Amino acid sequence: MINSIKKLLKKHNITLAAHYYEKDEIFNIADLTGDSLELAKKTMNLKTPLIFCGVSFMGESAKILNPNIPVYMPKLASCSMARMAEEQKVKNDIKLLQKEKIDFIPVCYVNSSANIKAIVGELNGSICTSSSADKIIKWAINQNKKIYFLPDKNLGRNMAKILNLKASIIKEDNWQKSDIICFDGHCSVHQLFMPEHIDFYKERFPDIKIVVHPECSPEVCEKADFIGSTSQILNYVKEHPNETMAIGTEFNFVNRMKRDINPNIYVLSSTKPECPSMNETTLKELYDLLIAIDKRKPYNEIKVDKKIAKNSLLALNKMMEITK
Ligand code: 13P
Ligand code: SF4
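Criteria and thresholds
- Numbers given for residues are sequential positions, taken from 1 along each chain in its written order.
- Ligands are numbered from 1 and chains lettered from A, in the order in which they are written.
- Totals for whole chains, interfaces and linings use all residues, but because this is a predicted model, local features are given only for residues with pLDDT of at least 70 and pairs of side-chain atoms are given and counted only at 80 or more.
- Computation of side-chain values: all heavy atoms of the structure, hydrogens and water removed.
- Residues are labelled near a given molecule or strand when at least one of their non-hydrogen atoms is within 4 Å of it.
- Here a polar contact means two N or O atoms within 3.5 Å. Within protein one must be a hydrogen donor candidate and the other an acceptor candidate, and residues neighboring in sequence count only if both atoms are side-chain atoms.
- Here the term charged refers only to Asp, Glu, Lys and Arg, the term nonpolar to Ala, Val, Leu, Ile, Met, Phe, Trp, Tyr, Cys and Pro, and the term polar to all other amino acids, Gly among them.
- Helical segments are the DSSP runs of H or I of at least four residues, strand segments are the runs of E of at least two, and each set is numbered from the N terminus.
- For every residue, the accessible area (1.4 Å probe, protein chains only) is compared with the maximum for its type, and the residue is labelled buried under 20%, exposed over 50%, or partly exposed between those bounds.
- Residues grouped as a nonpolar core are buried Ala, Val, Leu, Ile, Met, Phe, Trp, Tyr and Cys residues, joined through side-chain atoms within 4.5 Å.
- Only heavy atoms matter for contacts: two residues are in contact if any of them lie within 4.5 Å across the pair.
- Axis lines are fitted through C-alpha atoms, for helices just across the contact stretch, and the angle between N-to-C directions can take any value from 0 to 180 degrees.
- In this scheme, roughly parallel covers angles under 35 degrees and roughly antiparallel covers those over 145, while 65 to 115 is roughly perpendicular and the rest are oblique.
- Think of it this way: DSSP has to see at least two bridges between two strands before they count as a pair.

(A) Inspection of the site of ligand 1 at higher detail. For ligand 1, the full set of nearby residues is His19, Tyr21, Asp35, Ser36, Tyr109, Asn111, Ser130, His190, His213, Glu215, Ser229 and Thr230. Contact between ligand 1 and His19: an oxygen atom at 2.7 Å from a side-chain N or O atom of the residue. Residues of the shell around ligand 1, tallied by class, amount to two nonpolar, eight polar and two charged.

Next up, the structure:
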């Protein structure tokens, strides 16, 4: 099947992009890999079709950034955190912020739907990723505004701690006084990591390095030696090939680093932290899509409403400008 996939990709001049959390069978044959920011940048000036293996918001962002090429996804798998940021809930938060006369800029994690990104674009806000959140937050704070950070309350609060700012979840006690006011959303995978998992590993290996993604809770991040996006974690692991480490992020990615770079890596949680959405895409799904494209009957082509795309692009471009 792999050879047929490669032939069909070549025949149709299709670029294959895959996030680090994808299954090895997909990740190993991808032309482009990276964290969310890198993938958005790498797919930006493509001239030929793209197949994106990841979750829906990634395919949508690629389409918004590349309106003139077809973007397909073998599976339209949706990220649990992106699903939490329902349009009505976000609009209610914004109404409340306006009613309280809070002068704010929305900063929206890329793990969100195009509809939410469009709301943020209309309000002159910016998208951020886990690797660019610090720069985007500084950009907003330098305008003497408060930040409405959505949808990940953990990323918002972790960044506040790193940047010495005050953060709270909207409607929490005294939330109006915080620099960063967070939507109440989180990742269902990264919530699996607990401070007691860190205590367990530290007891067994006193010198162990704890490495986590900033979608983990503040209680977990506070105890970590390194916090970073997937690419930043990969670089850290490459720079420390002989250290014993426990890593708090998605299983496929951690397992690949353990196999290929450092056998002394442990998965931080006691349950297998698989992202069900990322794991929906299989080699068979990719093959079926390519056969359909070959028969001129493609499916799962990403389409974004024109007005939504225009306003989301404003917010995505702001991130591109700030991180260039
Ligand atoms: P990265 O931008 O770090 O790759 O994160 C994407 C993601 O969905 C993490 O759960
Ligand atoms: Fe979404 Fe969490 Fe999966 Fe990342 S790991 S894609 S945030 S559900």
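(B) Representation of the site of ligand 2. Around ligand 2 sit Tyr21, Val55, Cys79, Ser80, Asn111, Cys187, Val189, His190, Glu215, Cys275 and Met278, and those are all the residues in its vicinity. Along the lines of polarity and charge, the residues of the shell around ligand 2 split into seven nonpolar, three polar and one charged.

(C) View of the environment of Glu219. Structurally, Glu219 can be placed in helix α11 (residues 218-222). Glu219 sits in the partly exposed class, given a relative accessible area of 45%. C-alpha separation for the pair Glu219 and Asn158, spaced 61 residues apart in sequence, amounts to 9.3 Å.

(D) Highlighting the nonpolar core. Within the largest apolar cluster, 82 residues are counted, with the highest numbers of intra-cluster contacts made by Phe149 and Ile247. Leave out the neighbours within four places in its chain, and Phe149 touches Val107, Cys128, Ile137, Leu155, Gly156, Ile180, Ile181, Cys182 and Phe183. Among the nonpolar cores identified, the runner-up in size contains 17 residues, and Leu8, Ile14, Ile26 and Ile29 belong to it.

(E) Seen up close, the packing of helix α4 (residues 56-65) against helix α15 (residues 306-322). Close contact between α4 and α15 brings their axes to 9 Å; oriented N to C, the two are set at 90°. With respect to their mutual orientation, α4 and α15 come out roughly perpendicular. On the side of α4, the interface is formed by Ser61, Ile64 and Leu65, while α15 contributes Ala309, Ser312, Leu313, Leu316, Asn317 and Met320. Of the residues in the contact of α4 with α15, the class split is six nonpolar, three polar and no charged.

(F) Structural detail: the sheet that holds strand β6 (residues 126-128). Read from one edge to the other, the open sheet built from five strands follows the order β6-β5-β7-β9-β8, with strand pairing classed as parallel. Looking at the sheet topology across the chains shown, the edges are occupied by β6 and β8 (167-169). Strand-to-strand, the axes of this sheet are offset by a mean angle of 30°, without reference to chain direction.

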